[in-house]
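So you can see what is in the structure, the chains are spelled out below.
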Amino acid sequence: MNEVEFTENGSRCTTDMFIANPERYQGQIICIECRKRAWFTKAYKVRDYERTACFNAHHEDGCLKATTILEAENMEDTESDENSDNTSADIIVNLDKTKHGSIEKTTDSDKTTTPPHNWEPSPRPHVIGGKSGFPMDRSLRQILSYLVRNPLYGSGKSIHIQAESGRTVLQGMLRDFLVDVPDIIENDYMTVKIFWGEINNYTEKPNGDLWLNYGTRTEPSIFLNKDLKLDVMEKYRMKDLSRFHGSHFIVVGNVGKSPNGKPIIRASYPKYMNFINYKEKER
Ligand SMILES: [Zn+2]
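Residues numbered from 1 in each chain as written. Predicted model: local features only at pLDDT ≥ 70, side-chain atom pairs only at ≥ 80, totals over all residues.

*Asks:* How should the overall build of the protein chain be read in this particular structure?
*Replies:* Along the backbone of the protein chain there are 7 helices and 20 strands. Counting every position in the protein chain, which comprises 283 residues, the buried fraction comes to 28%. For the protein chain, restricting intrachain contacts to residue pairs at least 6 apart in sequence, the fraction spanning at least 24 positions comes to 58%. (Helix = DSSP H or I, 4+ residues; strand = E, 2+ residues; numbered from the N terminus. Buried ≥ 20, exposed ≤ 12 C-beta atoms within 10 Å, placed from the backbone. Contact = placed C-beta atoms within 7 Å.)

What follows is the structure, encoded as C-alpha cells:
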C-alpha cells in the first residue's frame, strides 16, 4: 500500500508524509479499505531487487489493498505439530494407533459395538516447561500459531506451565488465561496471564529499552529492557528490529498500568515469550 488512513483525523497518509514525520503517524495508521492496523516498511534492496517504501497490514480476507502476501517465518515445525494436535484432541484415535496399528483399525470401523468417537477436545493436562514437560518455546509457538489461524482456539483444553524448578506458573483451562490484546480487562491485572496479539510498531529508547506496541501511546505494549531485548534478538537471530513490524506475539507474564493508563506487559525471560515474524512476498 502506498497510502493509509491516519486515525487521528481520518486523513490520508502517504509514504512521503510518514517518512517526513514518523512520530506523528506511528501507531495511528490503518488500511483504508479493511481498516486493519498498518505499519510502515522502509525501502530496501536485495541483490537486483529494489523495493520502494510502502505500508503493510494483516489485511482482512479479500481486501483489495492487499498487494503483497505476508509469509510467516520458520513455521515448518508448527505445520507438522498442528496435525498431531488435531489427533491428540481425540485420544481414541491415538490409542487405536498404538494398540492395533493401521490395518486392524480399518477392520474395526464396521463394528457397531465400539463406543462412538468423541470429537470434542479433551481437557487433558498439557504440562509445559519444568523438567519433564514439553519445551516452553515450542509449546508457546504452537499455541500462538493456532490462535493466529483461529482466535477462538483452545476451548476445552487445559494448560499447566511449570518453571524450571517445577513450581507451577499457571494451571487451569487455557481460555481462562488467554488475553487477546488489546482487550485487557481489569481482572487481567491481578495474576499471570497468557497475552497474545499483534505488534504493529516499536520504539527503541536511547538507553536500549524496547517497547513493542500494539498501536498508540495509550494502547498496550510489551516492555523489554535492554538485556531482555538482546536475548530475544539473539534467540530469533535478529539483526534488525524492523522484523517486529506486524509480528504476532504470545507472552506469559503480568500486565501493569503506566501513570497515564497504558497497559504494559512484562515477562521475565525470553522463553516466556514467542514471536511469529512475517516476510513480505509479492502477490
Ligand atoms: Zn486491507
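That was the structure; now back to the text.
*Asks:* Can you walk me through unusual backbone geometry in this structure?
*Replies:* Peptide bonds are, in most cases, trans, and in most cases residues other than glycine have a negative phi. In this structure, the amide linkage connecting Val181 to the following residue, Pro182, adopts the cis form with an omega of 20°. Counting through the fold element by element, Pro182 comes out in the loop between strand S12 (178-180) and strand S13 (193-198). One non-glycine residue, Arg35, lies in positive phi territory at about 65°. Structurally, Arg35 can be placed in the loop between strand S3 (29-30) and strand S4 (38-41). Take Arg35: there are 14 C-beta atoms within 10 Å of it, and that puts it in the partly exposed class. Unlike most non-glycine residues, Arg237 shows phi in positive territory, near 50°.

*Asks:* Where do I start with the environment of Glu60 in this structure?
*Replies:* Of note, Glu60 is situated in the loop between strand S7 (54-57) and strand S8 (68-72). Taking C-alpha positions, Glu60 is 9.7 Å from Cys31, a pair spaced 29 residues apart along the chain. Here Glu60 is in contact with Cys34 and Lys36, once residues within four sequence places are set aside.

*Asks:* I tried to follow helix H5 (residues 136-149) on my own but got confused; where do I start?
*Replies:* Side chains of residues three or four places apart in an α-helix project in the same direction, reflecting 3.6 residues per turn. Over its 14 residues, H5 runs 20 Å from end to end, which matches the ideal 20 Å to within 8%, given 1.5 Å per residue. Taken together, the buried positions of H5 are occupied by Met136, Ser139, Leu140, Arg141, Gln142, Ile143, Leu144, Ser145 and Leu147. (Expected span 1.5 Å × (residues − 1).)

*Asks:* Would you mind going over the sheet that holds strand S1 (residues 3-6) with me for this structure?
*Replies:* The strands that make up a sheet pair up through hydrogen bonds in the backbone, lying either parallel or antiparallel. Strands sit in the order S2-S1-S3 across an open sheet of 3 strands; the sheet is antiparallel. Across the chains shown, the open sheet's two edge strands, defined by having one partner strand only, are strand S2 (11-14) and S3. Judged from the 2 bridges that link them, S1 and S3 form a sheet pairing that is antiparallel. Note on S3: the bridge partner recorded for Glu5 is Ile30. (Pairing = 2+ DSSP bridges.)

*Asks:* Sorry if this is basic, but what is going on with the pairing of strand S16 (residues 221-224) here?
*Replies:* Along a regular strand, successive side chains alternate from one face of the sheet to the other. As judged from the 4 bridges shared by strand S15 (residues 210-213) and S16, these two strands associate in the antiparallel manner. Within the sheet, the bridge partner assigned to Leu212 lies in S16 and is Ile222.

*Asks:* Teacher, can you tell me more about the nonpolar core here?
*Replies:* Side chains of nonpolar character tend, in soluble globular proteins, to be buried together. Counting residues in each nonpolar core, the largest one holds 34 residues, and the members touching the most others are Ile194, Phe195, Trp196, Leu212, Phe249, Ile250 and Val251. Put simply, the parts of the chain that give this core at least two residues each are H5, strand S10 (158-162), S12, S13, S15, S16, strand S17 (248-257) and strand S19 (273-276). Discounting residues that sit within four places of it in the chain, Phe249 has contacts with Trp196, Gly197, Ile199, Leu212, Ile222, Met273 and Phe275. Within the second largest apolar cluster, 12 residues are counted, among which are Met1, Ile29, Trp39 and Phe55. (Core = buried A, V, L, I, M, F, W, Y, C linked by C-beta atoms within 7 Å.)

*Asks:* Help me out: how do you make sense of the confidence of the model for the protein chain in this one?
*Replies:* A low pLDDT score tells you not to read the predicted coordinates there in detail. Of the residues in the protein chain, 81% reach a pLDDT of 70 or more, and the chain-wide mean stands at 82. In the model of the protein chain, helix H4 (residues 91-108) stands out as the element of lowest mean pLDDT, 27, in contrast to S2, which has the highest, 98. With pLDDT under 50 throughout, residues 79-112 is counted as low confidence; its partners more than four residues away or in other chains account for 17 contacts. (pLDDT = per-residue confidence, 0-100.)

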